[in-house]
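Coordinates in review
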Number of protein chains: 2
Amino acid sequence: MAVIYRVDMSDLSVRAEQPSEAYRDLGGRALTSAILQAEVPGDCHPLSADNKLVIAPGILTGTGAPCSGRLSVGAKSPLTGTIKESNSGGMAAIALATVGVRAIVLEGLPTDNRLHRLVVTRDGVRIEPVDGLQMTGNYDTVAAQFEQFGKQAVCLSIGQAGEMKAAAASIASTDIEGRPTRHCGRGGMGAVMGAKGVKVIVIDPAGGERPKPVDPARFKAGATRFNEALKKHPLTSETLPTYGTNALTGVINEAGGLPTRNFSSGYFEDADGISGETQHDTIVERGGVIAHACHRGCTIRCSRIYVDENGQYLTKGPEYETVWAHGTDCGISDLDAIARMDRMDDDFGIDTIETGATIAVAMEAGILPFGDAPAAIELLSEVGKGSPLGRLVASGAEVLGKTYGVRHIPTVKGQSMPAYDPRAVLGIGVTYATSPMGADHTAGYAVTANILGVGGKVDPLKPEGQVELSRNLQIATAAIDAAGLCLFTAFAVLDDPSALEGICEMLAGWYGREYASADFLELGKRTLLCERRFNAAAGFTAADDRLPDFFKKEKLSPHNVVFTVPDEDLDEVFNFG
Amino acid sequence: MAVIYRVDMSDLSVRAEQPSEAYRDLGGRALTSAILQAEVPGDCHPLSADNKLVIAPGILTGTGAPCSGRLSVGAKSPLTGTIKESNSGGMAAIALATVGVRAIVLEGLPTDNRLHRLVVTRDGVRIEPVDGLQMTGNYDTVAAQFEQFGKQAVCLSIGQAGEMKAAAASIASTDIEGRPTRHCGRGGMGAVMGAKGVKVIVIDPAGGERPKPVDPARFKAGATRFNEALKKHPLTSETLPTYGTNALTGVINEAGGLPTRNFSSGYFEDADGISGETQHDTIVERGGVIAHACHRGCTIRCSRIYVDENGQYLTKGPEYETVWAHGTDCGISDLDAIARMDRMDDDFGIDTIETGATIAVAMEAGILPFGDAPAAIELLSEVGKGSPLGRLVASGAEVLGKTYGVRHIPTVKGQSMPAYDPRAVLGIGVTYATSPMGADHTAGYAVTANILGVGGKVDPLKPEGQVELSRNLQIATAAIDAAGLCLFTAFAVLDDPSALEGICEMLAGWYGREYASADFLELGKRTLLCERRFNAAAGFTAADDRLPDFFKKEKLSPHNVVFTVPDEDLDEVFNFG
């Protein structure tokens, strides 16, 4: 049975334990949130010894279930002060599952300022000091590890931002090619890892084994069924492999919900220059890679490899959120500049959403002009230098905006909103306002029924039905995050009953008992309520489940709309049985 | 009858109105809080058009009542997000009362980036643009006004920090000598004035008249009685005029409650070098002034004029809070360096408490070493330059600490604690935690009974009795702030029944009706509950009425104590009839 490793940085000790009854059936977000809620005082400082960083593959991760390689990393967030689960692709989750890790829990604080490395093998976890990596970016950090541990190793690492304990610091997971391109980006998990004094976690999967279901035949039947549903859905079988997540730029722009120049408009006139179609053609023309998988076992392949004008590797993707944050939201329509910033974000180890949104707020503050890509790159480069301005950028939009007296700061619970203006996509606004994670599109992606026509249709401009939509999606998402499945599998789940049946069949095979869709949704509900309990202990109330006032007062073009979902409705999101 | 001037910066219009029934009997903090609670949406952004800056002399200000020249300035705070009343001495309150102003309410936002001046005379308020003052300090700003308006004018102004809309920005009031040394320091009122585009308010008292009580004889009898009580009390008649507020350095250090090096100890080994006694001798030796009044009609005279080694004017005071914040809390024991920083704070227009606490947090962050006075002065000078680091300093300890990943940030509701460690002075900890203003010693100065033996005795290290002590002081303080009386009159009120009887007699004479001590306390209670209502609308709950977790976990030397007042007790503070 997979074990939980307790790594105490205060005395550099490691303890392996069998999961207790409360944690036994859990994985991914369900496990990270359960551990945090049970063991971390809600009112502790996120960078203090009392906080814990919990790293957990999903329940199905490593089993061979399609698209199941997601990693959950949780802690009390330095960005939001809430509980946080930050989720990424890359190879780390599968590698951890393969060597029998249910979770790694980083506890305590080191007594000196040295950086440490954890080495995770099938024999356990060891802690060792690493020298020479101070203020080193993720690319060089992982390159040094591969040199020492070989190419089969997988790394989780922090860049300069994590070492600086910056609130937007991410944790990078290496991808199939061994590049640190997949990030637990949101909520400053990298800062918590930095506070714990851990620069890199090297996972050596040598000799590891694929976790085995109790009922392999049933599991396999479920996997097949699930995979067929993914293959049938046009988004997961065609749109995402061809255009990647950036397929959304054109769609959301046309819907009038693409936040432009720090959320001052819902339409970007230069969107064509950075759209998924343009990105596709650019990559193909230059000899990059489309339909790329960020981890083994991914059948959707929404990732891509972006090369520069000379055909040299520059970065992955960039993803829609990155293109929006560094592009549209900053008034920038230069795809190469955006790709360069994506590379810098990955190297410094900062969340691309938070960082782009922060640059846009810096533009509103007058630090640099909207649309000035070279100035944006220069501003971003300050992060790597650790200058006061760089630390501000790496601290997120709310802190930089407050420091510069900016009125329009598009955050909830201190976390920047992603690439959908809540005034024109009301359902996602409900998720931003109420998710236990702060503003987060992945927590309940109402863009589906609001814009994409997936899982039914709910008019994005009318308040009716948005709460129910967001609630159902938040429940389903929490369960998907627990399973370790990629969120994009939800498109199939929403439109094709056989997808969820396949998931439940896999889980039935995994546990060796009946597993109904109601059990799956119950897992999601339990996880959300657990997270809400943590947040209540941390001092969050209904008053925190609100959007900033300007979304309710200032009209968004082109629809000339404000956020109209009433507060009382927002307070109903978590009233489920 | 005195009028309320509504100044709308969006169209540069001024409207004079008679106070409505709800505002008629109010002044000072009672009036600023009543207007804010009734007229400002709790969830608005503090720098938005919906916020209002309310400037109000106290009920008794200008009447000739002893020590009644206090000014209340209120707004939703950019520092805390709560309602805020920031209180100062200086000549502004008396000048406003003399020209018949009950309050000035700055509303809306200007449509351009020009700076404006308000000119207040007995004929009304006019708005005019002022050029050439961009990023000018308070000293030069007011000097330019006196040149134009003559020496009898009184100024309220902002320095560079207010123009930058920095969260620690203050509003300066000129003192008797026309120097901008008296500040509404706390909570960023200067940022709100800056957002409104007002650089300076010039009050020309020419032709103004002292406000007249309905029953002058009764008023005069009350004033005499009150004055006698002030003359009798040793603190107001001897200690404060002789040693100023800095008399406290030795006392609080001996009590083990003097927060040292960012609240890491309660005892500063070099306190003697910056004590009130040393300050007294230094000032006297160099030909400065002790027993100086910050406004006319002050009989306590706790202010002083500090001169440099050549006998040249350097700054006022410095006050105890400034000496602590820039001295003890930073490990600095150089009185001249502290005085220089006080001068810089006054010139830039930033709160000395917040600024000193922020420098201490910067020291903990490793930006500069503890104890390094030249480095502290250099860091502070960044504020005037408007550099990223300077903006961080002017944004307060919480923002700077978050940006640099600091764990020990001694704030409540985002506002830095003053010069008493709540672990060793539990009563003041209750006030810090629960005051509607964020951490604020003046809101309920429990140091009286905890340490000074004024108003009874309550053991500072035992949780029993602290809630009742803080509650009663918060009620009395709110009433004193409404009356426009200096808080130091409370020493006499606490020890000598005739002081409160004198105040009530003055109020009876003022209103021309009976006024009992119960009425006075009722005024305080009403004011507090009004402020709590505003904060509830702004999203604050009991969960916000807490100290940071390290005060409950990390022991403070020399007493080796933590903050032990239970949360349930804190929640009882505002349960009064």
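The rules behind the values
- Residues numbered from 1 in each chain as written.
- Chains lettered and ligands numbered in written order.
- Predicted model: local features only at pLDDT ≥ 70, side-chain atom pairs only at ≥ 80, totals over all residues.
- Helix = DSSP H or I, 4+ residues; strand = E, 2+ residues; numbered from the N terminus.
- Buried ≥ 20, exposed ≤ 12 C-beta atoms within 10 Å, placed from the backbone.
- Contact = placed C-beta atoms within 7 Å.
- Nonpolar A, V, L, I, M, F, W, Y, C, P; charged D, E, K, R; others polar.
- Pairing = 2+ DSSP bridges.
- Axes fitted to C-alpha atoms, helices over the stretch in contact; angles between N-to-C directions.
- Domains from an automatic or database assignment.
- Parallel < 35°, antiparallel > 145°, perpendicular 65-115°, else oblique.
- Expected span 1.5 Å × (residues − 1).
- Least-squares fit on C-alpha atoms with pLDDT ≥ 70 in both.
- Core = buried A, V, L, I, M, F, W, Y, C linked by C-beta atoms within 7 Å.
- pLDDT = per-residue confidence, 0-100.

Observations concerning the overall build of chain A
Each helix and strand counted, chain A has 23 helices and 17 strands in total. Dimensions of chain A, computed from C-alpha atoms along their principal axes, come out at roughly 60 × 50 × 50 Å. Across the 577 residues that make up chain A, the buried fraction comes to 64%.

Description of the interface of chain A and chain B
Interfaces are often sized by the amount of accessible area the parts lose when they come together. Across the boundary between the two partners, chain A contributes 29 residues, which contact 29 residues of chain B. Of all elements in the fold, only α14 (388-393) and α15 (397-403) of chain A reach the threshold of two or more residues within the side of chain A that touches chain B. Here the side of chain A that touches chain B takes four residues from α14 of chain A, the largest share from any one element. For the side of chain A that touches chain B, the residue count by class is 14 nonpolar, seven polar and eight charged.

Observations concerning the sheet that holds strand β3 (residues 53-57) of chain B
Residue and element names in this part refer to chain B. With mixed pairing, six strands are arranged side by side in an open sheet as β2-β1-β6-β3-β4-β5. Whereas interior strands pair on both sides, the edge strands pair on one side only; in this sheet they are β2 (13-17) and β5 (83-88). The sheet shows a mean angle of 15° between the axes of neighbouring strands, direction not considered. Two elements, β3 and strand β6 (residues 101-107), share three bridges in a ladder whose sense is antiparallel.

Here we look at the domain arrangement of chain A
Residue and element names in this part refer to chain A. Considered domain by domain, chain A is made up of domain 1 (3-203), domain 2 (213-243 + 422-577) and domain 3 (250-421). Between domain 1 and domain 3, the C-alpha centre-to-centre distance is 25 Å. Each partner contributes to the interface: domain 1 provides 40 residues, whereas domain 3 provides 31 residues. When residues of the side of domain 1 that touches domain 3 are assigned to their parent elements, the largest contribution, three residues, is made by helix α4 (residues 160-163). By residue class, the composition of the side of domain 1 that touches domain 3 is 17 nonpolar, 19 polar and four charged.

With respect to the packing of helix α18 (residues 466-483) of chain B against helix α21 (residues 517-537) of chain B
Residue and element names in this part refer to chain B. Here α18 crosses α21 at 95°, and the two axes come no closer than 7 Å. By the criterion of interaxial angle, the relationship of α18 to α21 is roughly perpendicular. Residues Q474, I475, A476, A478, A479 and A482 of α18 form the contact with α21, whose own contacting residues are F520, L521, L523, G524, K525, T527 and L528. Each residue belonging to the contact of α18 with α21 can be placed in one class, and the counts come to nine nonpolar, three polar and one charged.

Things to note about helix α12 (residues 352-364) of chain A
Residues and elements named next belong to chain A. In this model α12 runs 18 Å from its N-terminal to its C-terminal C-alpha over 13 residues, within 8% of the 18 Å that 1.5 Å per residue would give. Buried residues dominate α12, accounting for 12 of its 13 residues. Among the residues of α12, T352, I353, E354, T355, G356, A357, T358, I359, A360, V361, A362 and M363 are the ones counted as buried. Taken together, the buried residues of α12 touch α10 (320-326), α11 (335-348), α13 (373-385), α14, α15 and β17 (415-416). Following α12 by one or two positions, G366 has its phi on the positive side, about 90°.

Section: the environment of L379 of chain B
All names here are of chain B. Here L379 lies in helix α13 (residues 373-385). Separated by 12 residues in sequence, L379 and I367 place their C-alpha atoms 8.9 Å apart. Contact partners of L379, with chain neighbours within four places excluded, come to I359, A362, I367, L368 and V393.

Observations concerning the pairing of strand β9 (residues 154-157) of chain A
Residue and element names in this part refer to chain A. Burial of β9 is two-sided: the residues V154 and L156 facing one way and the residues C155 and S157 facing the other way are all buried. With four bridges connecting them, β9 and strand β12 (residues 198-203) associate as antiparallel partners. Opposite L156, over in β12, you have I201 as the bridge partner. With two bridges joining them, β9 and strand β10 (residues 171-173) adopt antiparallel strand pairing. Bridge pairing links S157 to A172 in β10.

With respect to the relation of the copies chain A and chain B
Note on the copies: chain A fits chain B at an RMSD of 0.0 Å, the axial shift is 0.0 Å, and the rotation between them is 180°. Such values leave the two copies arranged in the relation of a two-fold axis. When the interface residues of chain A are mapped onto chain B, 100% of them again fall at the interface, so both copies present the same face.

Examining the sheet that holds strand β15 (residues 313-316) of chain B
Residues and elements named next belong to chain B. The strand order β13-β14-β15 describes an open sheet built from three strands, whose pairing is antiparallel. Only two strands of the sheet have a single neighbouring strand rather than two, namely β13 (289-292) and β15. Averaged over neighbouring strand pairs, the angle between their axes works out to 20° when direction is ignored. When β13 meets strand β14 (residues 303-307), the two strands line up antiparallel, connected through two bridges. Note that in β14 the partner of H292 across the bridge is S303.

Looking at unusual backbone geometry
Of note, the bond from S557 of chain A into P558 of chain A is cis; its omega dihedral lies within 30 degrees of zero at 0°. Structurally, the position occupied by P558 of chain A is in the loop between α22 (550-553) and α23 (567-570).

Notes on helix α6 (residues 216-232) of chain B
Between its first and last C-alpha, α6 of chain B extends 24 Å over 17 residues, near the 24 Å set by a 1.5 Å rise per residue. Those residues of α6 of chain B hidden inside the fold are in contact with α7 (234-243), α19 (489-495) and α20 (497-511) of chain B.

Some words on the environment of E107 of chain B
All names here are of chain B. Tracing the chain through its elements places E107 in strand β6. Note: C-alpha distance between E107 and S68 (39 residues apart in sequence) is 27 Å. When neighbours within four sequence positions are excluded, E107 is seen to be in contact with R6, V7, D8, M9 and K52.

Remarks on the nonpolar core
Considering soluble globular proteins, one finds that nonpolar side chains tend to be buried as a cluster. Ranked by internal contacts, the top residues of the largest apolar core, which has 373 residues, are A103 and I203 of chain A together with A103 and I203 of chain B. Beyond its immediate sequence surroundings of up to four residues, I203 of chain A is in contact with A92, A95, L96, V99, V120, A153 and V154 of chain A.

Topic: the confidence of the model for chain A
When pLDDT is averaged along chain A, the result is 97, and 100% of the positions lie at 70 or above. Two numbers describe this predicted complex: its pTM, 0.96, and its ipTM, 0.94.

Details of the environment of Q37 of chain B
Residue and element names in this part refer to chain B. Tracing the backbone shows Q37 in helix α1 (residues 28-39). The class for Q37 is buried, based on 20 C-beta atoms found within 10 Å. For Q37 and Y320, which are 283 residues apart along the polypeptide, the C-alpha to C-alpha distance reads 32 Å. If sequence neighbours within four positions are ignored, Q37 has contacts with I83, C530, R533 and F534.

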